[in-house]
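Chain residues, written in single-letter form:
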Amino acid sequence: LDECVATAASHGIAQPRDFKPLAGPPDIALVPGVAFTAGGLRLGRGGGHYDRYLAAHPGVVALGLAFEGQMVAELPVEAHDRGVQWVVTPQRAVFTGSGLAAQE
């Protein structure tokens, strides 16, 4: 890494030395997942980090990024699960609704 980048960032991810966090939550959160449904359900990796973040920031639009092969017909849902309002694959963008997947 060159002299413009610090390595002491969260989770070992490098960030610019002059990095300043946002004053508030962002407008959009890019949310990864193992699988998604067209209704916005999301299967993560089991840590619940994104579910907690989305629950604490209900105004943030959750956008799931996936490959078309990650789109499935149904997924199990637990009460704490939060879905996404959009799922974007290389082939399409799907508006899923509210993103409160646990209510479906």
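Heads up: these notes are all about the structure in this document. Every value quoted in this text rests on a predicted model; they were computed, and no experiment measured them.

**A look at the overall build of the protein chain**
Looking only at helices and strands, the protein chain has one helix and eight strands in total. Overall, the protein chain shows an N-to-C arrangement of helices and strands of β-β-β-β-β-α-β-β-β. In the protein chain, which comprises 104 residues, the share counted as buried stands at 30%. Once local pairs closer than 6 in sequence are excluded, the contacts in the protein chain between residues at least 24 apart make up 52%. Carbon and sulfur atoms provide 59% of the accessible area of the protein chain, an area that totals close to 7000 Å².

**Points about the pairing of strand β6 (residues 61-65)**
Note: strand β3 (residues 28-31) against β6, four bridges, orientation parallel. Of the residues in β6, the one forming a bridge with Leu 30 is Leu 63. Alignment of β6 against strand β7 (residues 86-88), held across three bridges, turns out to be parallel. Residue pairing in the sheet places Gly 64 in a bridge with Val 87 of β7.

**A look at the sheet that holds β6**
Spatially, the four strands line up as an open sheet ordered β3-β6-β7-β8, and their pairing is mixed. Because the sheet does not close on itself, it has two edges, and the strands there are β3 and β8 (93-95). Pairs of neighbouring strands in the sheet enclose a mean axial angle of 20°, with direction left out of account.

**Observations regarding the side chain of Asp 51**
Structurally, Asp 51 can be placed in helix α1 (residues 49-56). Given the relative accessible area of 10%, Asp 51 is considered buried. The contact partners of Asp 51, leaving out residues within four places of it in the chain, are Arg 42, His 80, Asp 81 and Arg 82.

Thresholds applied
Residues numbered from 1 in each chain as written. Predicted model: local features only at pLDDT ≥ 70, side-chain atom pairs only at ≥ 80, totals over all residues. Heavy atoms only, no water. Helix = DSSP H or I, 4+ residues; strand = E, 2+ residues; numbered from the N terminus. Buried < 20%, exposed > 50% of the residue type's maximum accessible area, 1.4 Å probe, protein only. Contact = heavy atoms within 4.5 Å. Areas by Shrake-Rupley, 256 points an atom, 1.4 Å probe, with all protein chains shown as cover. Pairing = 2+ DSSP bridges. Axes fitted to C-alpha atoms, helices over the stretch in contact; angles between N-to-C directions.

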